[in-house]
Amino acid sequence: MTKAVYDVVIIGGGPGGLSAALYAARGRLKTLVIEEKTQMGGQCATTSELENYPGIIDTGSGLSNKFYEHAKKFGAQFLKDRVIGFTIDTDGFHKNIQLKNNGEVIAKSIIIATGTKPRIIGIPGEEEFKGRGVSYCATCDADFYEDLDVVVVGSGNTAVEESVFLTKVVNQVNLVVIHEEGKLDADKIAQEQAFANPKINFIWNSTIAAIEGDELVESVQLKNIKTGELTKLETPGVFMFVGTVPQTDWLKGKFPLNQWGYINVDEKQETEVAGVFAVGDVCDKFLRQVVTATGDGATAAVAALQYIEQEEYWQEHVLGADKPVLAVFWSPLQAESTALMPEIEAFAQDHDFKIVPVDASRNKRLAERYQIRELPTIVGLTKGKENIRLTQPQKSNFEELL
Ligand SMILES: Cc1cc2nc3c(=O)[nH]c(=O)nc-3n(C[C@H](O)[C@H](O)[C@H](O)COP(=O)(O)OP(=O)(O)OC[C@H]3O[C@@H](n4cnc5c(N)ncnc54)[C@H](O)[C@@H]3O)c2cc1C
């Protein structure tokens with residue numbers, strides 16, 4: 001049985017992936033989203049309240065459901081599995097994506113949208129009590145601590161906003177902050193809300209050195225980073241919000257990543273590998289938020305559509321052509337290019353060549369693949385194999401093509 005070939009396979013069902021799915025499916029691309037979790041929405045789904053997505057104020061899971069329903073309505077398909085790797089076919093176009101449980105799927109383009117995961121600080125007790133008092137998600141676990149005192153570690157937006165959310169359920173939040181009194185890394189509005197909240201007790205100049213308990217968490221060791229003094233604080237719950245790391249372990253050593261494990265992309269969200277795009281928090285970028293992830297998703301889907309059209313055209317009209325092809329790399333904005341076009345068209349007609357014009361300013365990938373440094377350049381190909389090249393040719397050079 002032949003395997004289905006998807007135009008786009010999107011890896012990760014967070015805001016970036018779901019927005020890419022909507023744009024791709026609405027652009028009539030055969031689209032598959034592969035998400036390892038049952039719940040769609042990624043980190044957005046674990047966010048208590050989202051106040052900064054334009055036009056919508058909702059819970060994170062509410063907004064995630066809307067993203068999912070919207071993509072599904074336009075025909076995106078979904079598969080629950082974990083992607084463990086992919087390879088590029090020998091044709092340089094098709095990609096084989098390996099799944100943990102369901103074998104392989106084939107795609108013409110890939111959009112990586114695997115986001116980030118919470119940073120583990122690695123103190124004693126953190127791993128041991130994960131899910132038994134140590135949490136990385138306030139929305140998921142707040143209810144376990146109704147009317148109790150909890151500890152939150154961190155000083156960025158996530159730590160501060162999730163502390164404010166926790167105060168709706170718990171008795172008191174002890175927010176452990178590494179900085180001097182009064183200094184938080186969160187934005188101004190989040191800081192104002194936290195400072196005005198009587199249920200938040202700030203513990204400045206501090207970190208936690210250990211998490212202790214028996215079956216469940218019972219206390220933490222607070223460490224004053226100025227004096228080194230250790231004190232015990234009793235608590236059944238510790239929420240860790242000390243940053244995130246990219247979910248790219250599955251790509252290490254097999255795909256270009258920067259020194260921190262993030263993916264570099266260009267203005268079309270395309271990675272260094274042709275036809276492979278990356279969106280959202282997994283990218284090396286300035287602002288990791290829902291609104292930027294969804295913007296990336298839209299860009300990548302439209303760029304994937306253009307990539308597929310250009311590649312398919314090239315495969316069919318150049319690599320698969322039954323007579324010699326003259327690929328003319330040109331630019332409609334350049335006088336030498338526009339002067340050349342009618343001359344080369346007349347020549348090709350007289351000598352039974354097929355002409356394929358390539359606007360090098362729009363199709364930079366192809367220009368790069370054929371190492372075009374100057375325009376116009378004519379590349380003569382037979383069955384995809386280059387046999388002659390004329391750079392900035394004059395009419396008098398055309399005979400060489402014969
Ligand atoms: C607690 C918290 C509060 C936040 N609050 C806000 C806020 O108020 N406003 C805001 O704009 N942003 C907020 N953010 C940030 C926002 O959630 C992220 O910027 C956004 O979710 C990024 O979307 P994404 O699609 O890039 O990745 P993610 O949301 O991280 O989604 C990635 C998805 O990929 C899946 N995945 C990973 N690896 C694989 C694999 N190999 N195979 C298959 N699936 C895989 C994951 O399971 C996940 O579902 C918050 C984040 C957190 C953690």
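Counting starts from 1 at the beginning of each chain's written sequence and moves along it residue by residue. Local features are withheld for residues below a pLDDT of 70 in this predicted model, meaning they are given only at 70 or higher, and side-chain atom pairs are given and counted only at 80 or more; totals for whole chains, interfaces and linings count all residues. Hydrogens are left out, water is left out, and the side-chain values use all remaining heavy atoms of the structure.

### Digging into the domain arrangement of the protein chain
Then, in step 1: By the assigned domains, the protein chain splits into domain 1 (5–118 + 245–314), domain 2 (134–242) and domain 3 (322–401).
Then, in step 2: An automatic or database domain assignment provides the domain bounds reported here. A C-alpha centroid distance of 65 Å is found between domain 2 and domain 3.

### Brief notes about the site of the ligand
Then, in step 1: Nearness is judged by heavy atoms alone; a residue qualifies as near a molecule or strand once a single heavy atom is within 4 Å of it. Neighbouring the ligand are 36 residues; Gly16, Glu35, Gln43, Asn52 and Asp281 lie closest to it.
Then, in step 2: Nitrogen and oxygen atoms within 3.5 Å of one another constitute a polar contact, given that in protein one can donate a hydrogen and the other can accept it, and given that sequence-neighbouring residues count only through two side-chain atoms. Glu36 has a polar backbone atom sitting 3.3 Å from a nitrogen atom of the ligand.
Then, in step 3: Separating an oxygen atom of the ligand from a backbone N or O atom of Ala113 is a distance of 3.5 Å.
Then, in step 4: Counting from the N terminus, the helices are DSSP H or I runs at least four residues long and the strands are E runs at least two residues long. Contributions of two or more residues to the shell around the ligand are made by helix 1 (15–26), strand 2 (31–35), strand 3 (49–53), helix 4 (157–166) and helix 6 (290–319).
Then, in step 5: Side-chain classes follow a simple rule in which Ala, Val, Leu, Ile, Met, Phe, Trp, Tyr, Cys and Pro form the nonpolar group, Asp, Glu, Lys and Arg form the charged group, and the remainder, Gly included, forms the polar group. Looking at the shell around the ligand residue by residue, the classes come out as 10 nonpolar, 17 polar and 9 charged.
Then, in step 6: Shared between two domains, the shell around the ligand holds at least three residues of each, these being domain 1 (5–118 + 245–314) and domain 2 (134–242).

### As for the sheet that holds strand 23 (residues 385–391)
Then, in step 1: Pairs of strands are assigned from DSSP output, requiring at least two bridges between the strands. Overall, mixed pairing links the 4 strands, which are arranged 21-20-22-23 in an open sheet. Taken across any chain shown, the strands that pair with only one partner, and hence form the sheet edges, are strand 21 (354–359) and strand 23. The sheet shows a mean angle of 20 degrees between the axes of neighbouring strands, direction not considered.
Then, in step 2: Across 6 bridges, the pairing between strand 20 (residues 325–330) and strand 21 is parallel. Each residue of the ladder has a partner; that of Trp330, found in strand 21, is Asp359.
Then, in step 3: Helix-sheet contacts for helix 6 involve strand 20, strand 21 and strand 22 (377–382), and the interaxial angle to strand 21 is about 155 degrees.
Then, in step 4: We call two residues in contact whenever any of their non-hydrogen atoms come within 4.5 Å of each other. Only C-alpha atoms enter the line fits that serve as axes; for helices the fit covers just the stretch in contact. Angles between N-to-C directions range over 0 to 180 degrees. Contacts between helix 7 (residues 335–350) and the sheet are confined to strand 20, strand 21 and strand 22, with strand 20 contributing the most and set at about 170 degrees to the helix.

### With respect to the state of the cysteines
Then, in step 1: We call a pair of cysteine sulfur atoms a disulfide when they lie within 2.5 Å. Taken as a whole and judged by the stated rule, the model has 1 disulfide.
Then, in step 2: Between the sulfur atoms of Cys137 and its disulfide mate Cys140 the distance is 2.0 Å. Looking down the S-S bond of the Cys137 and Cys140 bridge, the torsion is 75 degrees, so its handedness is right-handed.
Then, in step 3: Think of it in three bands: residues with accessible area under 20% of the maximum for their type are buried, residues over 50% are exposed, and the middle band is partly exposed, with areas taken using a 1.4 Å probe on protein chains only. Cys137 sits in the buried class, given a relative accessible area of 9%.
Then, in step 4: Residue classification places Cys140 among the partly exposed positions, given a relative accessible area of 45%.
Then, in step 5: With no disulfide partner, Cys44 has as its closest neighbouring cysteine sulfur the one in Cys137, 12 Å distant.
Then, in step 6: Between Cys283, a cysteine without a disulfide, and Cys44, which holds the nearest cysteine sulfur, the sulfur-to-sulfur distance is 17 Å.

### Thoughts on helix 4
Then, in step 1: In terms of burial, helix 4 is a largely internal element, 7 of the 10 residues being buried.
Then, in step 2: Contacts made by the buried residues of helix 4 are with helix 3 (138–141), strand 11 (149–153), strand 12 (172–176), helix 5 (188–195), strand 13 (200–203) and strand 17 (238–240).

### Section: the packing of aromatic side chains
The geometry of an aromatic ring pair is captured by the separation of the ring centres together with the interplanar angle, meaning the angle of the planes.
Then, in step 1: Only centres within 6.5 Å qualify two rings of Phe, Tyr or Trp (six-membered ring in Trp) as a pair; their planes then separate them into stacked at under 30 degrees, edge-to-face at over 60, and tilted for everything else. In this structure the tally under the stated criterion is 16 aromatic pairs.
Then, in step 2: Ring plane angle 55 degrees and centroid distance 5.8 Å describe the contact between Phe93 and Tyr307, whose orientation is recorded as tilted. Pair noted here: Phe93 is in the loop between strand 6 (83–88) and strand 7 (95–99) and Tyr307 is in helix 6, with a separation of 214 residues, a long-range link. Here Phe93 matches Tyr307 in class, with each residue buried.
Then, in step 3: Relative to Trp204, the ring of Phe195 lies with its centre 6.4 Å away and its plane at 40 degrees, an arrangement referred to as tilted.
Then, in step 4: What makes Trp204 buried here is its relative accessible area of 15%.

### Observations regarding the pairing of strand 20
Then, in step 1: For strand 20, the buried fraction is high: 6 of the 6 residues fall into the buried class.
Then, in step 2: Burial of strand 20 is two-sided: the residues Val325, Ala327 and Phe329 facing one way and the residues Leu326, Val328 and Trp330 facing the other way are all buried.
Then, in step 3: The handedness of a crossover follows from its direction of travel: if, with the strands pointing away from the viewer, the path from the first strand over the helix to the second runs clockwise, the crossover is right-handed. Considered for its hand, the β-α-β crossover made up of strand 20, helix 7 and strand 21 is right-handed.
Then, in step 4: Bridge analysis of strand 20 against strand 22 gives 5 bridges, and the strand direction is antiparallel. Within the sheet, the bridge partner assigned to Ala327 lies in strand 22 and is Val379.

### Re unusual backbone geometry
Then, in step 1: With an omega dihedral of -10 degrees, the bond running from Leu375 to Pro376 counts as a cis peptide bond.
Then, in step 2: Inspection of the secondary structure assignment puts Pro376 in the loop between helix 8 (364–369) and strand 22.
Then, in step 3: Of note, the phi angle at Asp147 is positive, near 60 degrees, even though the residue is not glycine.
Then, in step 4: Within the element layout of this structure, Asp147 appears in the loop between helix 3 and strand 11.
Then, in step 5: A positive phi angle, close to 50 degrees, is found at Asn205, a residue other than glycine.
Then, in step 6: Locating Asn205 in the fold gives a position in the loop between strand 13 and strand 14 (206–213).

### Examining the environment of Val318
Then, in step 1: Tracing the backbone through its elements, the reader meets Val318 in helix 6.
Then, in step 2: With a relative accessible area of 1%, Val318 lands in the buried category.
Then, in step 3: Between the C-alpha atoms of Val318 and Glu104, which are 214 residues apart in sequence, the distance is 29 Å.
Then, in step 4: With residues near it in sequence (within four places) discarded, Val318 still touches Tyr313, Val325, Val356, Leu381 and Gly384.

### Some details on the sheet that holds strand 17
Then, in step 1: The strand order across the open sheet built from 5 strands is 10-17-11-12-13, with neighbouring strands paired in parallel fashion. Two strands lie at the open edges of the sheet, namely strand 10 (134–135) and strand 13, each paired on one side alone.
Then, in step 2: Where strand 11 meets strand 17, 3 bridges bridge the pair, whose relative direction is parallel. In the sheet register, Val152 faces strand 17, and the bridge partner there is Phe239.
Then, in step 3: Helix-sheet contacts for helix 4 involve strand 11, strand 12, strand 13 and strand 17, and the interaxial angle to strand 11 is about 170 degrees.

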